[in-house]
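Below are the chains, spelled out letter by letter.
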Amino acid sequence: MHRILIITLMLKTLLITGQSFTSDNRNSLKASYGYFVPWARYYKNPIETRFGTTFSSPRPFVALSLEHPRGYGSRNICGEYGVSYFLNQTKNPGDTLTLHWFANNFFLVLKYDMFPQNKYIDLFICGGGLVGSQRIIVDDKERRVYRNFNAALIPRVELRVQTVKRISLGLEAAFLYDLSNTRWKSRPDTWSPDHSAFTGTTLNAFVGWCWGK
């Protein structure tokens, strides 16, 4: 009987120590700051062209997201979803004319960890999507709001370093490929004559905070 118990304990120990996947049962809240660089070939903003001005590029943005850990799903795979806000830019082309551009989006990506057993460094290959809108407010005696709906694919690479138990730092590089109808709408059934696409590259840094076991 004692031999059976000893053999059973040995087998359990071998199975645990021989696992090729280390579960990470912690959620992570990430705060990011970065820049979006529109691709000039696709991004032809009709409002800027009309008034002979351009907003600055690259365009800064902030993001807040939640990552579900690998231990809650498939091996080496986790999900991340969040919101991003592309900061308001203001231009004054004339004495009474003021233009405001900004955008906000919701995104969801799946992430594959290339180094699941490394406790300090993670390299994620990610893919997902983004939905949201751009807006330009034209103030010139009469206030007009132009909207452009965004729906983009997101291939992304993320490098994360976590030397402290609950705090991580990292960098992300992504490409946004807009698949949506690229026309701007100002009022129901009234469309601007030109178009633009929310296509370009992003680069951002983030700070993450983990909780759980």
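Residues numbered from 1 in each chain as written. Predicted model: local features only at pLDDT ≥ 70, side-chain atom pairs only at ≥ 80, totals over all residues. Heavy atoms only, no water.

(A) Geometry of the state of the cysteines. By the definition in use, this model includes 0 disulfides. Its sulfur unpaired, cysteine 78 is 7.5 Å from the next cysteine sulfur, which belongs to cysteine 126. Judged by its relative accessible area of 4%, cysteine 78 falls in the buried class. Owing to a relative accessible area of 7%, cysteine 126 belongs among the buried residues under this scheme. (Disulfide = S-S within 2.5 Å. Buried < 20%, exposed > 50% of the residue type's maximum accessible area, 1.4 Å probe, protein only.)

(B) The pairing of strand E6 (residues 142–164), seen in detail. As judged from the 20 bridges shared by strand E5 (residues 121–140) and E6, these two strands associate in the antiparallel manner. Residue pairing in the sheet places glycine 129 in a bridge with leucine 153 of E6. Between the end of E5 and the start of E6, which pair antiparallel, lie 1 residue, with lysine 141 showing a positive phi angle near 70 degrees. One ladder, built from 9 bridges, connects E6 with strand E7 (residues 167–178); its direction is antiparallel. Across the sheet, the residue bridging to valine 164 is isoleucine 167, located in E7. (Pairing = 2+ DSSP bridges. Helix = DSSP H or I, 4+ residues; strand = E, 2+ residues; numbered from the N terminus.)

(C) The arrangement of the environment of phenylalanine 51 in detail. Within the element layout of this structure, phenylalanine 51 appears in helix H2 (residues 46–51). For phenylalanine 51 and glycine 94, which are 43 residues apart along the polypeptide, the C-alpha to C-alpha distance reads 9.1 Å. Once residues within four sequence positions are removed from consideration, phenylalanine 51 is found in contact with Pro93, Leu97, Leu99, Val138 and Arg144. (Contact = heavy atoms within 4.5 Å.)

(D) Quick look at empty space enclosed by the protein. Overall, the coordinates contain 1 cavity of 30 Å³ or more when judged by the stated rule. Taken together, 19 residues line the largest cavity, and the ones lying closest to its centre are Phe61, Phe107, Arg156, Thr202 and Asn204. Counting residues per element, the ones that place at least two in the lining of the largest cavity are strand E1 (26–38), strand E2 (59–68), strand E3 (77–91), strand E4 (98–113), E6, E7 and strand E10 (200–212). Residue classes in the lining of the largest cavity are distributed as 10 nonpolar, 5 polar and 4 charged. (1 Å grid on protein atoms, 1.4 Å probe; cavity = no way out; pocket = protein on both sides within 12 Å on 5 of 7 lines; lining within 4 Å. Points joined across faces, edges and corners; volume = space filled by probe spheres on them. Nonpolar A, V, L, I, M, F, W, Y, C, P; charged D, E, K, R; others polar.)

(E) Quick peek at the packing of aromatic side chains. Evaluated as defined, the whole model comprises 8 aromatic pairs. Centre to centre, the rings of phenylalanine 36 and phenylalanine 198 are 4.7 Å apart; their planes meet at 15 degrees, and the pair counts as stacked. Placement of the pair is phenylalanine 36 in strand E1 and phenylalanine 198 in the loop between strand E9 (190–195) and E10, with a sequence separation of 162 residues. The buried category is assigned to phenylalanine 198, whose relative accessible area is 0%. Ring centres 6.5 Å apart and planes at 25 degrees place the aromatic pair phenylalanine 175 and tyrosine 177 in the stacked group. Since its relative accessible area comes to 36%, tyrosine 177 is described here as partly exposed. (Phe/Tyr/Trp six-rings, centres within 6.5 Å; stacked < 30°, edge-to-face > 60°.)

(F) Quick peek at the pattern of salt bridges. The full count for this structure, using the stated rule, is 13 salt bridges. For glutamate 172, the salt bridge goes to lysine 30, with nearest N and O atoms at 2.5 Å. Of this pair, glutamate 172 sits in strand E7 while lysine 30 sits in strand E1, and the two are 142 residues apart along the sequence. The burial state of glutamate 172 is the same as that of lysine 30; both residues are buried. The partner of glutamate 158 in a salt bridge is lysine 111, with the nearest N and O atoms 2.7 Å apart. Of this pair, glutamate 158 sits in strand E6 while lysine 111 is found in strand E4, placing the two residues 47 residues apart along the sequence. (Salt bridge = Lys/Arg side-chain N within 4 Å of Asp/Glu carboxyl O.)

(G) Structural detail: the confidence of the model for the protein. Averaged over all residues, the pLDDT of the protein equals 81, while 79% of them reach at least 70. Contacts from residues 5–23, a stretch scored under 50 in pLDDT, to residues over four places away or in other chains number 12 contacts. (pLDDT = per-residue confidence, 0-100.)

(H) Summary view of the environment of tryptophan 211. Secondary-structure assignment places tryptophan 211 in strand E10. Accessibility expressed as a relative area gives 33% for tryptophan 211, which makes it partly exposed. C-alpha of tryptophan 211 to C-alpha of leucine 29: the two residues are 182 residues apart in sequence and 8.6 Å apart in space.

(I) Local environment of the nonpolar core. Among the nonpolar cores identified, the biggest contains 22 residues, and Phe86, Trp101, Ile136, Val138, Leu176 and Phe198 are the most heavily contacted of them. Among the secondary structure elements, those contributing two or more residues to this core are E2, E4, E5, E6 and E7. Once residues within four sequence positions are removed from consideration, phenylalanine 86 is found in contact with Phe36, Pro60, Phe61, Trp101, Phe102, Ala103, Asn105 and Phe198. (Core = buried A, V, L, I, M, F, W, Y, C linked by side-chain atoms within 4.5 Å.)

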